[in-house]
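Each chain is listed here by its residues.
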Amino acid sequence: MAMAIIGVVSVGALGAFGADVRAADRAQRMLPAAALAEDRLTALENAGPRVLDILPDSLAHGRFAAPFDAYSWTAESKNVRSIPSLIELTVRVVWDGGAFTLAERRYEPMLSSTSR
């Protein structure tokens, strides 16, 4: 009887340990992905309003250099229809088995023809 109790307790402990290891692995992949997404979002912010209308391939998608070559990204820029001059920027970082998405909205006032 004692062996059965020890066996049941051991199975429960190993299950909890396995879940802990999976959570640590997920966090180990998610933290660099968040930093990489922030880096790509900063590149979009610095591109300027005219570039954001139609993103060039270098800003729209790609793969990160080593040691982050397991990660790739896609980026999107679109106008928010309900509010003129508001642009939504979205970056999605993907790796084997996961993804992280970061989005923000940015106000880009339209240039008037008299301000040339």
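These lines cover the structure that appears in this document, whether it is placed above or below. Quantities reported herein were computed from a predicted structural model and do not represent experimental measurements. (Residues numbered from 1 in each chain as written. Predicted model: local features only at pLDDT ≥ 70, side-chain atom pairs only at ≥ 80, totals over all residues. Heavy atoms only, no water.)

**Focus: the overall build of the protein**
Stage number 1. Across its full length, the protein holds 3 helices and 4 strands.
Stage number 2. By the compact-globule yardstick of 13 Å for 116 residues, the protein is too spread out, its C-alpha radius of gyration being 22 Å.
Stage number 3. With the C-alpha coordinates of the protein rotated into their principal frame, the extents come out at 90 × 35 × 15 Å.
Stage number 4. Looking at the protein as a whole, 27% of its 116 residues qualify as buried. (Helix = DSSP H or I, 4+ residues; strand = E, 2+ residues; numbered from the N terminus. Rg over C-alpha atoms; globule rule 2.2 N^0.38 Å. Buried < 20%, exposed > 50% of the residue type's maximum accessible area, 1.4 Å probe, protein only.)

**Regarding the pattern of salt bridges**
Stage number 1. The final tally for this structure, using the stated rule, is 3 salt bridges.
Stage number 2. Residue lysine 78 is joined to glutamate 88 by a salt bridge in which the shortest nitrogen-to-oxygen separation is 4.0 Å. Here the residue lysine 78 occupies a position in strand β2 (residues 72–79), and glutamate 88 occupies one in strand β3 (residues 86–95), the gap between them amounting to 10 residues.
Stage number 3. We classify lysine 78 as partly exposed; its relative accessible area is 42%.
Stage number 4. In this structure, glutamate 88 and arginine 105 form a salt bridge, with 3.3 Å as the shortest nitrogen-oxygen distance. (Salt bridge = Lys/Arg side-chain N within 4 Å of Asp/Glu carboxyl O.)

**Some words on the nonpolar core**
One broad rule of soluble globular proteins: the nonpolar side chains tend to lie buried together.
Stage number 1. Within the largest apolar cluster, 19 residues are counted, with the highest numbers of intra-cluster contacts made by Leu44, Leu55, Tyr71, Val91 and Val93.
Stage number 2. Within the residue set of this core, elements represented by two or more residues are α1 (2–45), α3 (57–60), β2 and β3.
Stage number 3. Here leucine 44 is in contact with Leu52, Leu55, Leu59, Ala75, Leu89, Val91 and Arg106, once residues within four sequence places are set aside. (Core = buried A, V, L, I, M, F, W, Y, C linked by side-chain atoms within 4.5 Å. Contact = heavy atoms within 4.5 Å.)

**Comments concerning the packing of aromatic side chains**
By convention here, two paired aromatic rings are described through the distance between centres and the angle between planes.
Stage number 1. On inspection of all chains with the given rule, the structure shows 3 aromatic pairs.
Stage number 2. Aromatic side chains tyrosine 71 and tryptophan 95 sit 5.6 Å apart centroid to centroid with 55° between the ring planes, which places their arrangement in the tilted category. Note that tyrosine 71 is positioned in the loop between β1 (61–63) and β2 and tryptophan 95 in strand β3, a separation of 24 residues in sequence. Here the two residues tyrosine 71 and tryptophan 95 agree in accessibility, since each one is buried.
Stage number 3. Every member of this aromatic cluster is reached through a ring pair, and the members are Phe68, Tyr71 and Trp95. (Phe/Tyr/Trp six-rings, centres within 6.5 Å; stacked < 30°, edge-to-face > 60°.)

**Some words on the sheet that holds strand β4 (residues 98–107)**
Hydrogen bonding along the main chain pairs the strands of a sheet, whether they run parallel or antiparallel.
Stage number 1. The 4 strands lie next to each other as β1-β2-β3-β4, forming an open sheet whose pairing is antiparallel. Only two strands of the sheet have a single partner each, and these edge strands are β1 and β4. Taking each pair of neighbouring strands and ignoring which way they run, the sheet shows an average axis angle of 15°.
Stage number 2. Alignment of β2 against β3, held across 8 bridges, turns out to be antiparallel. Considered in β3, the bridge of alanine 75 is made with valine 91.
Stage number 3. Sitting on the sheet, α1 is in contact with β2, β3 and β4, with an inclination near 145° to β3. (Pairing = 2+ DSSP bridges. Axes fitted to C-alpha atoms, helices over the stretch in contact; angles between N-to-C directions.)

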